[in-house]
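Next come the chains, spelled out residue by residue.
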Amino acid sequence: MKQELESIVDEFQGKRILVIGDMVADIYLDGRISRISREAPVLVLQQAGEKVVAGGAANVVNNVATLGGNVFAVGLLGLDNAAKGLKEALEKNGAHTEGLFCDEKRPTISKTRIIAGGRATVSQQIVRIDKESDKPMQKAHESQIMQYIKGLLPKIDGVVLSDYGSGTITEKLQQQIISYCRAHNIPSMVDSRYDIHRFKDIGYVKQNDAELSAAVGRDLNDDESIFTAGQELLEELNADGVLVTRGEKGMVLLEKDGAIHDIPVSDKSEVFDVSGAGDTCVSTVILALAAGVEPVRAAELSNIASGIAVRKLGTATVSSEELRRALR
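If you're wondering where the values come from, they're calculated on a predicted model, not measured in any experiment. Counting of residues starts from 1 at the beginning of each chain's written sequence and follows it residue by residue. Where local features are concerned, this predicted model is filtered to residues with pLDDT of at least 70; where side-chain atom pairs are given and counted, the filter is 80 or more; whole-chain, interface and lining totals use all residues. Hydrogen atoms and water are omitted, and side-chain values are computed over all heavy atoms in the structure.

1. Comments concerning the pattern of salt bridges
Phase 1: Any carboxyl oxygen of Asp or Glu that lies within 4 Å of a side-chain nitrogen of Lys or Arg is treated as forming a salt bridge with it. The full count for this structure, using the stated rule, is 14 salt bridges.
Phase 2: A salt bridge links Glu 88 to Lys 84; its shortest N-O distance comes to 3.4 Å. Of this pair, Glu 88 and Lys 84 both sit in helix α3 (residues 81–91), separated by 4 residues, roughly a single helical turn.
Phase 3: Among the residues examined, Glu 88 registers a relative accessible area of 46% and is labelled partly exposed.
Phase 4: For every residue, the accessible area (1.4 Å probe, protein chains only) is compared with the maximum for its type, and the residue is labelled buried under 20%, exposed over 50%, or partly exposed between those bounds. Residue classification places Lys 84 among the exposed positions, given a relative accessible area of 52%.
Phase 5: Salt bridges sharing partners connect three or more residues here, namely Asp 10, Glu 321, Arg 324 and Arg 328. Strands are runs of DSSP state E lasting at least 2 residues, helices are runs of H or I lasting at least 4, and numbering of each runs from the N terminus.

Structure representation (structure tokens):
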């Protein structure tokens, strides 16, 4: 079984994957506590470091790249340092960033975490500052992205729509991509945090159990209720499959033919951080589907990849070598 999964890792190397969605710059500002301010009862920090990490859809891009895919990032950035840092973080892993268009009138979506610590104290996050535009995408930028995608889709083996609720995936872009993928038999997958109902005719859907519960509007307290809710979503969206991630309970894949695959968690060792594990899961599944692997094998492989991601701190990526090691 694990040998079979390891051969899938070889098969998906170099597969061309398009990832479109809300590209987020996770910015970490490290500060050393120097004193209490005279202006207000607050800490004065001496800035000791700053790093930009790929978040949101950009973390999916990074995971596809580190797993060995040939990945094309598509989205909207501002004209700021966050955009520069985010592009550098993606290009470092070999991702194509020509599809990241610049809108000077809006900021790059960013989450800046201020981390404070001293020589004898534990560093901890004291505040997070979020920045994004609530205005819809301008028609000119939508057209730019549509043109770019039109030229790219004929060369693509798989597509991910990564929707974090910030409006990058407009109705027009969604229709263009989903209808093309359906017509040309290209695997597609959506991970949408708040608005899964709009993605009709998508290939595969990824939801965690809390998102699925919100989507069907009721509590899902046992296996049976999860299976029923997943089936409802599958039929409503006319999808090929719904993959529900369930934390320590593993994941379940529901397919169009009525098959239900309950996949237990791959490794019960210590979990450090679940942030970004869903992105690792989606990246692994789309690469495997792009390689022509059957969905249940793709899900089993993604379960193992996610098990590696949760043992790392922060939004983490998983490399193809780490995945191979875990399978051995």
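2. A closer look at the sheet that holds strand β7 (residues 124–131)
By definition, the strands of a sheet pair up through backbone hydrogen bonds, in either a parallel or an antiparallel sense.
Phase 1: In short, DSSP must find at least two bridges between two strands for them to pair. Strand order in the open sheet made by the 4 strands is β3-β2-β6-β7, with mixed pairing throughout. Lying at the two open borders of the sheet, with one neighbouring strand each, are β3 (43–56) and β7. When strand polarity is set aside, the average angle formed by the axes of neighbouring strands in this sheet is 20°.
Phase 2: Inspection of the sheet shows strand β2 (residues 23–36) paired to strand β6 (residues 109–117) by 9 bridges, in the parallel sense. If you follow Asp 26 over to β6, its bridge partner there is Lys 111.
Phase 3: Lying on the sheet, helix α2 (residues 57–66) is in contact with β2 and β3; it crosses β3 at an angle near 65°. Here an axis means a line fitted to C-alpha atoms, over the contact stretch when the element is a helix, while the angle between two N-to-C directions is reported on a 0 to 180 degree scale. What makes two residues a contact is simply this: any of their non-hydrogen atoms within 4.5 Å.

3. Brief notes about the packing of α2 against helix α8 (residues 277–290)
Phase 1: For the pair α2 and α8, interaxial distance at closest approach is 8 Å and the crossing angle is 50°. Considering the angle they form, α2 stands oblique to α8. Every pair of crossing elements has a handedness; the one defined by α2 and α8 is right-handed. In this structure, α2 uses Asn 59, Val 60, Asn 63 and Val 64 to contact α8, whose residues at the interface are Asp 279, Thr 280, Val 282, Ser 283 and Leu 287. Each angle is binned into one of four classes, with values under 35 degrees roughly parallel, values over 145 roughly antiparallel, values of 65 to 115 roughly perpendicular, and all other values oblique. Each helix crossing is assigned a hand: it is left-handed if the near helix lies turned anticlockwise from the far helix by less than a right angle, otherwise right-handed if that turn is clockwise.

4. A closer look at the sheet that holds strand β11 (residues 241–245)
Phase 1: Here 9 strands make up an open sheet; going across it, the order is β5-β4-β1-β8-β9-β10-β11-β12-β13 and the pairing mixed. The strands lining the two open edges of the sheet, one partner per strand, are β5 (96–102) and β13 (260–263). The sheet shows a mean angle of 15° between the axes of neighbouring strands, direction not considered.
Phase 2: Across 4 bridges, the pairing between strand β12 (residues 251–255) and β13 is antiparallel. Across the sheet, residue Met 251 finds its bridge partner in β13, namely Ile 263.
Phase 3: Contacts from α2 reach β1 (16–21), β4 (70–77) and β8 (158–163), with the element oriented near 170° to β1.
Phase 4: Against the sheet, helix α7 (residues 223–237) makes contact with β10 (204–208), β11, β12 and β13, and its axis sits at roughly 40° relative to β12, the strand it touches most.

5. Description of the environment of Met 146
Phase 1: Of note, Met 146 is situated in helix α4 (residues 139–152).
Phase 2: Since its relative accessible area comes to 23%, Met 146 is described here as partly exposed.
Phase 3: On a C-alpha basis, the gap between Met 146 and Leu 173 in space is 6.5 Å, while along the polypeptide they are 27 residues apart.
Phase 4: Apart from the residues within four sequence positions on either side, Met 146 is in contact with Lys 172, Leu 173 and Gln 176.

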